[in-house]
Amino acid sequence: MNLFDVYPLYPITPVKALDCTITDDKGIEYLDLYSGHGVISIGHTQPYYVAKVKAQLDNLSFYSNAIQNPLQVELADKLGKLSGYTDYSLFLCSSGAEANENALKMASFHTNKARVISFNNAFHGRTSAAVATTDNPKIVAPINAQQVVTFLPLNEIDLVEAELKKGDVACVIIEPIQGVGGLDQGTTEFFQALEKVCKAHDVVLIMDEVQSGFGRSGKFFAHQFHGITPDIICMAKGMGNGFPIGGILIAPHFKASYGLLGTTFGGSHLACAASIAVLEVMEKENLMANATKVEAYFLEAIKAVPEIIKVKGRGLMLGVEFDFDVSALRKKMIIEKHIFTGGANNKNLLRILPPLTITTDAIDTFIIALQESLAELKG
Ligand code: PLP
């Protein structure tokens, strides 16, 4: 049987990894500055994490959500303390799209309304919650049988308010830093005004932190740079360091009832053990502080590359923009310089999304390789 061919693949076969280094089947080592779309948060095969997951696998990997699971309680407690959201509740699932889907569902139940406001170039997943990226601010795309989404430009609060005034909007969903779309961000002024208009119109504010959350920005959640408290916060990628786990944090004014949400795999013993280990390592190794430190170093060091027209993002969710399509550059960096970076819908953007353990030495390695690659491409 063939694999359904939906991914263009680089001709590399990784077989093992440690921290920020990936080794392929020929023994070649690669510097991982992409962490598999921001999934590897505490470094590949981090020893404490591996031991904890293995120990859990030996005991009990999975059982039904209808039976008590103290690991979920432990995860919620740790997550509350580290994020500052101690009074929110946690619902666990297995991926980013599923987190967003549950958030949208919660918003619909809560408001008894269906319409969703999203933003141009947003990316929220590929299931029924998929809010496809579009450059057309007017487009209205189906989310599921009941829901439609209206896309608006970022930072235009008057346009948001005009939609909310129509009275049929359940929620606004927004990434604090756009990931796949290309690292655009709302301003603090916009986020604060957004929180205010959502409250004024009883519209649920959903913060999609699937990519930007779990310490990647230097704070636990990227929206915390803006001094706002969303109603629902969605998480996934960095949460399990490679083990599939997602979740939503739900504000205290939402009432839970039996059967309101549900999942088979979400919050399994193994997934919880993985995520608890991630939080423990993040705290013990001060990884959010490392993200801030390495970001500052990167922003200074990258000035040595004059071809870059803009540096975008925050923390270790960064991108460098050129005035040309970076596909060939990215390929050269991987195949010849052995450094993984990421692309975006914005074809001129090279994304840097390393494990939060990355060092300033690795940034130096990246910059030298980038300078060499640019020179070689110029011929
Ligand atoms: N939301 C954001 C902001 C994302 O970046 C992604 C994935 O890239 C998703 C949601 C979807 O997550 P998943 O692929 O785990 O379903």
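Residues numbered from 1 in each chain as written. Predicted model: local features only at pLDDT ≥ 70, side-chain atom pairs only at ≥ 80, totals over all residues. Heavy atoms only, no water.

Here we look at the packing of helix α3 (residues 70-83) against helix α7 (residues 269-284)
For any two helices packed against each other, the geometry comes down to the angle between their axes and how far apart the axes lie. Relative to each other, α3 and α7 sit at 30 degrees, their axes nearing to 9 Å. Viewed along their axes, α3 and α7 adopt a mutual orientation that is roughly parallel. Helix-helix and strand crossings are classified by hand; for α3 and α7 the assignment is left-handed. Of α7, the residues touching α3 (which contributes Leu71, Gln72, Glu74, Leu75, Lys78, Leu79 and Leu82) are His269, Cys272, Ser275, Ile276, Leu279, Glu280, Met282 and Glu283. Split into classes, the residues belonging to the contact of α3 with α7 amount to eight nonpolar, three polar and four charged. (Axes fitted to C-alpha atoms, helices over the stretch in contact; angles between N-to-C directions. Helix = DSSP H or I, 4+ residues; strand = E, 2+ residues; numbered from the N terminus. Parallel < 35°, antiparallel > 145°, perpendicular 65-115°, else oblique. Left-handed = near helix turned anticlockwise from the far one by under 90°. Contact = heavy atoms within 4.5 Å. Nonpolar A, V, L, I, M, F, W, Y, C, P; charged D, E, K, R; others polar.)

What to know about helix α4 (residues 96-111)
If you check α4, its first and last C-alpha atoms are 23 Å apart, about what 16 residues at 1.5 Å a residue would give, namely 22 Å. Regarding α4, the residues found buried are Gly96, Ala97, Ala99, Asn100, Asn102, Ala103, Leu104, Met106, Ala107, Ser108 and Thr111. At its buried positions, α4 is contacted by β4 (89-93), β5 (115-119), β8 (169-174), β9 (204-208), β10 (232-235) and β11 (246-250). One side-chain oxygen at the N-terminal end of α4 lies 3.3 Å from the backbone nitrogen of Glu98; it belongs to Ser95. Residue Asn112 follows α4 closely and has a positive phi angle near 60 degrees. (Expected span 1.5 Å × (residues − 1). Buried < 20%, exposed > 50% of the residue type's maximum accessible area, 1.4 Å probe, protein only. Polar contact = N/O pair within 3.5 Å; in protein donor to acceptor, adjacent residues only side chain to side chain.)

Examining the side chain of Thr111
Position of Thr111 relative to the elements: it lies in helix α4. On the basis of relative accessible area, Thr111 is assigned to the buried category, the value being 13%. Among the polar contacts made by the side chain of Thr111, one reaches the main-chain carbonyl oxygen of Ala107 at a distance of 2.7 Å. Engagement of the side chain of Thr111 in a polar contact is seen with the backbone nitrogen of Lys113, the distance being 3.2 Å. With residues near it in sequence (within four places) discarded, Thr111 still touches Ala170, Asp202 and Val204.

A look at the layout of surface pockets
One simple way to see leftover space: roll a probe sized like a water molecule over the atoms. When its volume is computed, the second largest pocket comes out at roughly 780 Å³. What lines the second largest pocket is a set of 33 residues, among which Gln72, Leu90, Phe91, Ala256 and Leu261 lie closest to the centre. Among the secondary structure elements, those contributing two or more residues to the lining of the second largest pocket are α3 and β4. Here the lining of the second largest pocket is composed, by residue class, of 18 nonpolar, 14 polar and one charged. (1 Å grid on protein atoms, 1.4 Å probe; cavity = no way out; pocket = protein on both sides within 12 Å on 5 of 7 lines; lining within 4 Å. Points joined across faces, edges and corners; volume = space filled by probe spheres on them.)

Overview of the environment of Ser94
You can see Ser94 is positioned in the loop between β4 and α4. Taking the C-alpha atoms as reference, Ser94 lies 40 Å from Glu307; in sequence the two are 213 residues apart. Not counting chain neighbours up to four residues away, the residues in contact with Ser94 comprise Pro244, Ile245, Gly246, Phe265 and Gly266.

Considering the domain arrangement of the protein
When its domains are assigned, the protein resolves into domain 1 (14-46 + 286-378) and domain 2 (48-284). The C-alpha-based centres of domain 1 and domain 2 are spaced at 26 Å. Taken together, both faces of the contact between domain 1 and domain 2 bury some 2,700 Å²; the carbon and sulfur share is 55%. It is Met288, Arg314 and Met317 that lose the most area in domain 1 upon contact with domain 2, and together they represent 28% of the buried surface on that side. Summed over the shared surface of domain 1 and domain 2, the result is one salt bridge. (Domains from an automatic or database assignment. Buried area = accessible area lost by both parts, 1.4 Å probe. Salt bridge = Lys/Arg side-chain N within 4 Å of Asp/Glu carboxyl O.)

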